[in-house]
Amino acid sequence: MTRAVDPERGAVATEFAIVMAVVLLSFVALAIYGGRVVQAENDVQSAAHDAARAASRERNPAAADAAARAVAAQNLADSGVACAGGNTVTVDLTRFAPGGEVTVTITCRADFSDVGTLGVAPSQSFTASATEVIDVYRSN
């Protein structure tokens, strides 16, 4: 006796496996995107903190402004955050005096175009601010 071979046998299982693979890859891709968003947000916050700290150690407002901008740019470059169109660094030196404070605000539009095929925004803006107190006992 010969058994007839059904050409449709196993088709449902194969289709299910393909659909599940696509769903699983989509979840993995979204997890990667979420991780990149969190990392970019942390990197911008860290850059603002380091820039404010660098500015608070300087002796005059001009040097503080220059130090904050240089440290912010270097920090973002080292962390790999690609700021589309550059970043904006605002240094508030209105209370620059011993016992005063320095506030640095950084705005960066991070580029996520490499994961934009997921249907998510190709870029997202991150803003972080940090304030550091200037040492009371230092001399100008």
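Residues numbered from 1 in each chain as written. Predicted model: local features only at pLDDT ≥ 70, side-chain atom pairs only at ≥ 80, totals over all residues. Heavy atoms only, no water.

Caption draft 1: Seen up close, the overall build of the chain. Summing up its helical and strand segments, the chain has two helices and three strands in all. Taken from N to C terminus, the helices and strands of the chain fall in the order α-α-β-β-β. In the chain, which comprises 140 residues, the share counted as buried stands at 29%. A separation threshold of at least 6 residues defines the contact pool for the chain, and within that pool the share at least 24 residues apart is 65%. When the accessible surface of the chain is split by element, carbon and sulfur atoms take 57% of a total near 8,900 Å². (Helix = DSSP H or I, 4+ residues; strand = E, 2+ residues; numbered from the N terminus. Buried < 20%, exposed > 50% of the residue type's maximum accessible area, 1.4 Å probe, protein only. Contact = heavy atoms within 4.5 Å. Areas by Shrake-Rupley, 256 points an atom, 1.4 Å probe, with all protein chains shown as cover.)

Caption draft 2: Up close: the confidence of the model for the chain. Looking at the chain, pLDDT values average 85 and 87% of them are 70 or higher. When pLDDT is averaged over each element of the chain, helix H2 (residues 61–79) comes out on top at 93 and strand S1 (residues 83–95) at the bottom at 87. (pLDDT = per-residue confidence, 0-100.)

Caption draft 3: Up close: the side chain of Asn75. By the element assignment, Asn75 lies in helix H2. Given a relative accessible area of 18%, Asn75 falls into the buried group. Look past the residues within four positions of Asn75 in its chain and what remains in contact with it is Ser46, Ala47 and Asp50.

Caption draft 4: Main features of the pattern of salt bridges. All chains considered together, the criterion is met by three salt bridges. With its nearest N and O atoms 3.0 Å apart, the salt bridge here joins Arg69 to Asp65. You can see Arg69 and its partner Asp65 sitting in helix H2, four residues apart, about one turn around the helix. Judged by its relative accessible area of 22%, Asp65 falls in the partly exposed class. For Glu101, the salt bridge identified is with Arg95, shortest N-O distance 3.6 Å. (Salt bridge = Lys/Arg side-chain N within 4 Å of Asp/Glu carboxyl O.)

Caption draft 5: Representation of the environment of Glu41 in the model. The topology assignment puts Glu41 in helix H1 (residues 11–56). Linking Glu41 and Gln124, residues 83 residues apart in sequence, is a C-alpha distance of 9.8 Å.

Caption draft 6: The arrangement of the packing of H1 against H2 in detail. Orientation of H1 relative to H2, taken along the N-to-C sense of each, is 150°, at an axis distance of 8 Å. Accordingly, the angle class assigned to the pair H1 and H2 is roughly antiparallel. For H1 against H2, the interelement crossing comes out right-handed. On the side of H1, the interface is formed by Asp43, Val44, Ser46, Ala47, Asp50, Ala51, Ala54 and Ala55, while H2 contributes Ala64, Ala67, Ala68, Val71, Ala72, Asn75, Leu76 and Ser79. Within the contact of H1 with H2, the residues separate by chemical class into 11 nonpolar, three polar and two charged. (Axes fitted to C-alpha atoms, helices over the stretch in contact; angles between N-to-C directions. Parallel < 35°, antiparallel > 145°, perpendicular 65-115°, else oblique. Left-handed = near helix turned anticlockwise from the far one by under 90°. Nonpolar A, V, L, I, M, F, W, Y, C, P; charged D, E, K, R; others polar.)

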